[in-house]
Protein chains: 2
Amino acid sequence: MRAVIPFKQENAKSRLSGILSKTQRQEFALAMLYDVIAAVEKTKKFDLIEVINSSISCAMNTKFPSNVNILLIEKGLNEALNEYLIKAASNTVQDIFIIMADMPLVTEKQIMELTELPGDIVIAPGSGGGTNVLSIHNPDTFHVDYYGTSFLDHLRIANEADLSIAVYDSFFVSTDMDEPDDLVELLIHGRGHAVEYLRSTGIGLDTSTGKLDLSNMKS
Amino acid sequence: MRAVIPFKQENAKSRLSGILSKTQRQEFALAMLYDVIAAVEKTKKFDLIEVINSSISCAMNTKFPSNVNILLIEKGLNEALNEYLIKAASNTVQDIFIIMADMPLVTEKQIMELTELPGDIVIAPGSGGGTNVLSIHNPDTFHVDYYGTSFLDHLRIANEADLSIAVYDSFFVSTDMDEPDDLVELLIHGRGHAVEYLRSTGIGLDTSTGKLDLSNMKS
């Protein structure tokens, strides 16, 4: 099985720009990518992990496990992934596991369970109608359509292609890091590089209100 | 096993007051309660379902399944529940399953899985550090502490009492209906009374943006 992780470092996580600088957002994005790669890697289910990078970035100087491959595809998310799926199908690659790079609460446990679910398409919803994991067992009969309520779009595409669907229900998988409120979840439930990075910026948690505490941020 | 559902109809869901009237919020709260009761009931795991109502309300004129009991305890959430736990322990009731009334995406499946997890305390996080399900197998050695980051508080209380803990990871259980954005999740993933009620108000989903569409609301 092959894991595919789309990654964008350039102007990453723009909705966090109110609290994190451009450099911090890039470093944070990279820390999250590390957490996702670590979780994928630990399952030992994937012979290849491909990070699809949408632009040349400093991130790629860093060290990843040996079965991680960095691809530069300077295209939009849908175009890049659909091109990837077509190529995979023509090379008779049967199983493509697309996982987002900004869900640092995911662990080996959820990825293992996701790979074990039956269904031509296994999908894990992200908050706000998103799709955080999409495991595709017939890449020649499916295409992705991210943005907007992609969860509904992916169900529709699978139905139209007569593919069986399994929905994976996980809070930790659904939680991506888009808005400042999402950082609260990371501070409460996180264990890896991303939460460590976030704490290093001085962002904390106000446990009485459940909101971010920005009073100790380094300026 | 006994299920306990705290319920508040008076000024329910105040953070939705920008889009729903007071009456609508009360009706919506009741529709959600119905969905939660239905999911609990379907598991056939509970001989008694107690709704702890914090104020006298019209809701209680409605018909519930015969094993649903309505208690009026005009106290705050923590005080009411802790009083309840003490009483349960003194009556040698061993298993108390506290489930919030505002999580209408929950189904029989998640509740079944929750009841089957090992652990003195089984806890399902809600978004923002909340606690959406708390299954207590030793009510004499535990007390609740809702509000703020209650998830962390409940872990701490269990640790201090040397109780074993299982965390249940579910997007559908974690999703409670507090803010307008939460309604997006209900419109995408909902199946029961609550989403039906919401649609009846004219609230829809803009699938291109993943945001609420309020343009067809009845005034």
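Predicted, not measured: the structure shown is a model, and the values here were computed from it.

**So, the pairing of strand β2 (residues 48–53) of chain B**
When a strand is regular, its side chains alternate between the sheet's two faces. Residues and elements named next belong to chain B. Here β2 lies mainly inside the structure; five of its six residues are buried. For the handedness criterion, the β-α-β arrangement of strand β1 (residues 2–7), helix α1 (residues 22–42) and β2 is classed as right-handed. Bridge analysis of β2 against strand β3 (residues 68–72) gives five bridges, and the strand direction is parallel. Its bridge partner lying in β3, Glu50 is registered against Asn69.

**A look at the packing of aromatic side chains**
Residues and elements named next belong to chain A. Counted under the stated rule, the structure contains eight aromatic pairs over all chains. Between Phe171 and Phe172, the ring centres sit 5.5 Å apart and the planes meet at 50°, which makes this aromatic pair tilted. According to the relative accessible area criterion, Phe172 is buried, its value standing at 12%.

**Some points on the relation of the copies chain B and chain A**
Under the fitted operation, chain B is carried onto chain A by 0.0 Å of movement along the axis and a turn of 180°, and the coordinates agree to an RMSD of 0.0 Å. Taken together, the rotation and translation relating the two chain copies correspond to the operation of a two-fold axis. The fraction of interface residues of chain B whose copies in chain A are also interface residues reaches 100%, indicating that both copies meet through the same surface.

**A look at the sheet that holds strand β6 (residues 131–136) of chain B**
Residue and element names in this part refer to chain B. On the basis of which strands lie adjacent, the open sheet formed by seven strands has the order β3-β2-β1-β4-β6-β5-β7 and mixed pairing. The open sheet has two edge strands, β3 and β7 (165–167), and neither has a second partner. The average angle at which neighbouring strand axes cross in this sheet is 20°, direction not considered. Bridge count between strand β5 (residues 121–125) and β6: five bridges; the pairing is antiparallel.

**Digging into the interface of chain B and chain A**
In this complex, chain B contributes 25 residues to the contact, which on the side of chain A involves 25 residues. Between chain B and chain A, the buried area comes to about 1,900 Å², and carbon and sulfur atoms account for 62% of it. Taken together, the connections running from chain B to chain A amount to zero salt bridges. For the interface between chain B and chain A, the tally reads twelve residue pairs in polar contact (both at pLDDT 80 or more). The leading source of residues in the side of chain B that touches chain A is helix α6 (residues 180–189) of chain B, at four residues. Looking at the side of chain B that touches chain A residue by residue, the classes come out as nine nonpolar, 14 polar and two charged.

**A short note on the side chain of A:Asp35**
Residue and element names in this part refer to chain A. Within the secondary structure, Asp35 is located in helix α1 (residues 22–42). One buried charged residue, Asp35, forms no salt bridge at all, with the nearest opposite charge on Lys42 at 8.1 Å. Setting aside chain neighbours within four positions, we find Asp35 in contact with Pro104, Gly192, His193 and Ala194.

**Description of the environment of B:Ser150**
Residue and element names in this part refer to chain B. For Ser150, the location among the structural elements is in helix α4 (residues 150–160). As a C-alpha pair, Ser150 and Asn132 span 18 residues in sequence and 9.6 Å in three-dimensional space. Residue contacts for Ser150: discarding those within four places in its chain leaves Gly129, Gly130, Thr131 and Asp145. A distance of 2.8 Å separates a polar atom in the side chain of Ser150 from a polar atom in the side chain of Thr131.

**Considering the packing of helix α6 (residues 180–189) of chain A against helix α7 (residues 193–200) of chain A**
When two helices pack together, their arrangement is given by the angle between the helix axes and the distance between those axes. Residue and element names in this part refer to chain A. Interaxial distance between α6 and α7 falls to 9 Å at its minimum, and their mutual angle equals 110°. With respect to α7, the axis of α6 lies roughly perpendicular. Regarding α6 and α7, the two cross each other, and that crossing is left-handed. Here Leu183, Leu186 and Leu187 of α6 lie close against α7, whose contacting residues are Ala194, Val195, Leu198 and Arg199. Here the contact of α6 with α7 is composed, by residue class, of six nonpolar, no polar and one charged.

**Remarks on unusual backbone geometry**
With phi around 50°, A:Lys13 is a residue other than glycine that occupies positive phi space. Along the chain, A:Lys13 turns up in the loop between β1 (2–7) and α1. Residue classification places A:Lys13 among the buried residues on the basis of a relative accessible area of 17%. Not every positive phi belongs to a glycine, and B:Thr92 is a case in point at roughly 50°. Among the residues examined, B:Thr92 registers a relative accessible area of 62% and is labelled exposed.

**Brief notes about the packing of α1(B) against helix α7 (residues 193–200) of chain B**
Residues and elements named next belong to chain B. Two elements in contact, α1 and α7, have axes separated by 7 Å at closest approach and are oriented at 155°. The orientation of α1 with respect to α7, classified from their angle, is roughly antiparallel. For the pair α1 and α7, contact is made by Gln24, Glu27, Phe28, Ala31, Met32, Tyr34 and Asp35 and by His193, Ala194, Tyr197 and Leu198, respectively. For the contact of α1 with α7, the class distribution of residues is seven nonpolar, two polar and two charged.

**Focus: helix α2 (residues 77–90) of chain B**
Residue and element names in this part refer to chain B. The end-to-end C-alpha distance of α2 is 20 Å, a good match for the 20 Å that 14 residues give at a rise of 1.5 Å each. Within the span of α2, buried status applies to Asn78, Ala80, Leu81, Asn82, Tyr84, Leu85 and Ala88. Against β1, β2, β3, β4 (96–99) and β6 lie the buried residues of α2. In the stretch just after α2, Thr92 is the one whose phi turns positive, near 50°.

Reading the values: rules and limits
- Residues numbered from 1 in each chain as written.
- Chains lettered and ligands numbered in written order.
- Predicted model: local features only at pLDDT ≥ 70, side-chain atom pairs only at ≥ 80, totals over all residues.
- Heavy atoms only, no water.
- Buried < 20%, exposed > 50% of the residue type's maximum accessible area, 1.4 Å probe, protein only.
- Helix = DSSP H or I, 4+ residues; strand = E, 2+ residues; numbered from the N terminus.
- Right-handed = clockwise from strand over helix to strand, strands pointing away.
- Pairing = 2+ DSSP bridges.
- Phe/Tyr/Trp six-rings, centres within 6.5 Å; stacked < 30°, edge-to-face > 60°.
- Least-squares fit on C-alpha atoms with pLDDT ≥ 70 in both.
- Contact = heavy atoms within 4.5 Å.
- Axes fitted to C-alpha atoms, helices over the stretch in contact; angles between N-to-C directions.
- Buried area = accessible area lost by both parts, 1.4 Å probe.
- Salt bridge = Lys/Arg side-chain N within 4 Å of Asp/Glu carboxyl O.
- Polar contact = N/O pair within 3.5 Å; in protein donor to acceptor, adjacent residues only side chain to side chain.
- Nonpolar A, V, L, I, M, F, W, Y, C, P; charged D, E, K, R; others polar.
- Lys, Arg positive; Asp, Glu negative; His and termini not counted.
- Parallel < 35°, antiparallel > 145°, perpendicular 65-115°, else oblique.
- Left-handed = near helix turned anticlockwise from the far one by under 90°.
- Expected span 1.5 Å × (residues − 1).

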